[in-house]
Amino acid sequence: MSAETHESSGESHEVHSSSDYIKHHLQNLTYGKKPDGHWGLAHTSQEAKDMGFWAFHVDSLGVSLLLGVLFLWAFRSVAKRANAGVPTGWQNFVEWIIEFIDTSVRGSFSGKNPLVAPLAMTVFIWIFLMNFMDLLAVDHIPELAKAFGLPFFKVVPTTDPNTTFGMAIAIFFLIIFYSVKMKGLGGFIGELAFQPFGKPGILVNLLLEGVNLIAKPISLALRLFGNMYAGEMIFILIAIMFGAGVGFGLLAGVLQWAWAVFHILIITLQAFIFMTLTIVYMDMAHQEHH
Amino acid sequence: MNINATLIGQSITFFLFVWFCMKFVWPPIMSALAERKKQIADGLAAGERGKHELELASRNAADSMREAKGQAAEVIAQAEKRAAQIVDEAKGTAKAEGDRMIAGAKAEIDQEATRARETLREQVAALAVAGAEKILRREIDAKAHADLLEAIKKEL
């Protein structure tokens, strides 16, 4: 999060122009099949693009997996020795978060489903941790990766649409699954076909409700991705300013700090919005429409 | 920014995390929280009950204190009454004894007086008889006039 570390931007490295610098920072470390038939890491953006669908963003997957495991390990350590005694330190903090999420779930979700609260918690904490990576200085990790011979490293998994869409699609499946489970297949399709205009307007209904349904995962994914991507972009732009003389450098330092502070709010808010919408969508999936 | 198989990987990872959370993280913590909530509620209820019992006990204590005080006062009153009674009785006995002694003394005095009077009368009678004898020595036969003399003696 410190601002002093962005001297590495621009001229002093192989990346020559601001545009290249930005592009470099926005490229994921991709592992896939190269044109020569071997699997390996892409060393240019074009190479990554040519790998097509069957390629993996090693940085997104790795960082998100690491953070998820960290989160589960930290919470599991509390769960293992959870008791009704006086909570201390970390346990207290975990219980505070859990109570907060439980309150949110109780407030928005009226059905009975043991999945929803853990789902909400996973969404909230995991997204928060992934967003939190945004507060690491934009050049630290890529430079570190370069030292290990990795051409790219995008440390914030939520600025990768694959991550946000991955979660949104998972939640979309859950919405469909529970809609069908609670209302039956007929009920679910009926909801799509016969609302809001009844039988005569079946085509319009299907169109409206279909868009409504599809919009849920897309809005979830794009909102998070857009916010984090934009935030990251601003960090990168500020980082470029460090290379533009003492005056701009000082200004960039101030901006960097201000944006980071503001970003603390944004990353939490985005995680919270994602969680709340997940709960609301699950609630809608459980509710019988008349 | 390419959409690729990372999408599938992230979905699977997410499902695994949710599953783990639902299985091993959420339930134990929630049950611990619920249990603590219950314990606190129980504790509060016990405290309330204790307070109530304390109130009851102090009220009981005050009651028995008042009762004991009442009994003590009663005992004291009875004792005082009894003491007064004893004093009265003693006074009565003493008075009766005194009266009895006075009466005895009076009776003795009366007796003494009667006896003295009797003696006096006899002596007067004897004196009178002696006088009369001296006067009537010659004419009166003591033996013949004994009943007469006796009658005179009685009249004295």
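Caption draft 1: Structural detail: helix H4 (residues 89-108) of chain A. The terminal C-alpha atoms of H4 of chain A lie 29 Å apart, and with 20 residues this matches the ideal 28 Å at 1.5 Å per residue to within 8%. Looking at the buried positions of H4 of chain A, the neighbouring elements they touch are helix H3 (58-80), helix H5 (116-132) and helix H9 (245-286) of chain A together with helix H1 (6-136) of chain B.

Caption draft 2: Quick look at the interface of chain B and chain A. With 31 residues of chain B in contact, the opposing surface of chain A contributes 58 residues. Across the chain B/chain A interface, buried area totals approximately 3800 Å², and carbon plus sulfur atoms make up 74% of it. Between chain B and chain A we count one salt bridge in total. Residue arginine 36 of chain B is joined to glutamate 95 of chain A by a salt bridge in which the shortest nitrogen-to-oxygen separation is 2.7 Å. Applying the counting criterion to the chain B and chain A interface returns eleven residue pairs in polar contact (both at pLDDT 80 or more). Its residues assigned to classes, the side of chain B that touches chain A comprises 20 nonpolar, eight polar and three charged.

Caption draft 3: Up close: the sheet that holds strand S3 (residues 55-57) of chain A. All names here are of chain A. Pairing is antiparallel across the open sheet formed by three strands, whose spatial order is S2-S1-S3. Bordering the open sheet on either side are strand S2 (39-41) and S3, each of which pairs with just one other strand. Recorded for the sheet is a direction-independent mean angle of 15° between the axes of neighbouring strands. Pairing analysis gives three bridges linking strand S1 (residues 30-33) to S3, with the strands arranged antiparallel.

Caption draft 4: Examining the environment of valine 58 of chain A more closely. Residue and element names in this part refer to chain A. Note on placement: valine 58 falls in helix H3. C-alpha of valine 58 to C-alpha of tryptophan 257: the two residues are 199 residues apart in sequence and 29 Å apart in space. Residues within four places of valine 58 in sequence aside, it is in contact with Leu29, Tyr31 and Leu41.

Caption draft 5: How the structure looks around the packing of H4 of chain A against H1 of chain B. Running from N to C, H4 of chain A and H1 of chain B point in directions that differ by 90°, and their axes come no closer than 11 Å. Taken as axis vectors, H4 of chain A and H1 of chain B run roughly perpendicular relative to one another. Across the interface between the two elements, Gln91, Val94, Glu95, Ile98, Glu99, Ile101, Asp102 and Arg106 of chain A from H4 of chain A touch Trp26, Ile29, Met30, Leu33, Arg36 and Lys37 of chain B from H1 of chain B. Its residues placed into classes, the contact of H4 of chain A with H1 of chain B shows seven nonpolar, one polar and six charged.

Caption draft 6: Geometry of the confidence of the model for chain B. Looking at chain B, the pLDDT average stands at 89 and 96% of residues meet or exceed 70. Per the prediction output, this complex has pTM 0.73; the corresponding ipTM is 0.85.

Caption draft 7: Summary view of a nonpolar patch on the surface. Together, Tyr31, Trp39, Phe53, Trp54 and Val58 of chain A together with Ile3, Ile8, Ile12 and Leu16 of chain B give the surface a local cluster of nonpolar side chains, amounting to about 860 Å² of exposed area. Top contributing element to the nonpolar patch by residue count: H1 of chain B, with three residues. Inspection of the secondary structure assignment puts leucine 16 of chain B in helix H1.

Caption draft 8: Representation of the pattern of salt bridges within the structure. Residue and element names in this part refer to chain A. Tallied over the entire structure, the rule returns twelve salt bridges over all chains. With its nearest N and O atoms 3.2 Å apart, the salt bridge here joins lysine 183 to glutamate 191. You'll find lysine 183 and glutamate 191 in the same group, each marked buried.

Caption draft 9: How the structure looks around the packing of H5 of chain A against helix H7 (residues 161-193) of chain A. Residues and elements named next belong to chain A. Contact pair H5 / H7: the axes reach a minimum separation of 12 Å and the direction vectors enclose 175°. Relative to H7, H5 is oriented roughly antiparallel. Packed against H5, whose contacting residues are Leu119, Val123, Trp126, Ile127 and Met130, the element H7 presents Thr163, Met167, Ile171 and Leu174 at the interface. Split by residue class, the contact of H5 with H7 holds eight nonpolar, one polar and no charged.

Reading the values: the criteria
- Residues numbered from 1 in each chain as written.
- Chains lettered and ligands numbered in written order.
- Predicted model: local features only at pLDDT ≥ 70, side-chain atom pairs only at ≥ 80, totals over all residues.
- Heavy atoms only, no water.
- Helix = DSSP H or I, 4+ residues; strand = E, 2+ residues; numbered from the N terminus.
- Expected span 1.5 Å × (residues − 1).
- Contact = heavy atoms within 4.5 Å.
- Buried area = accessible area lost by both parts, 1.4 Å probe.
- Salt bridge = Lys/Arg side-chain N within 4 Å of Asp/Glu carboxyl O.
- Polar contact = N/O pair within 3.5 Å; in protein donor to acceptor, adjacent residues only side chain to side chain.
- Nonpolar A, V, L, I, M, F, W, Y, C, P; charged D, E, K, R; others polar.
- Pairing = 2+ DSSP bridges.
- Axes fitted to C-alpha atoms, helices over the stretch in contact; angles between N-to-C directions.
- Parallel < 35°, antiparallel > 145°, perpendicular 65-115°, else oblique.
- pLDDT = per-residue confidence, 0-100.
- Patch = residues over 30% accessible without salt bridge, like charges linked within 9 Å, V, L, I, M, F, W, Y side chains within 5 Å.
- Areas by Shrake-Rupley, 256 points an atom, 1.4 Å probe, with all protein chains shown as cover.
- Buried < 20%, exposed > 50% of the residue type's maximum accessible area, 1.4 Å probe, protein only.

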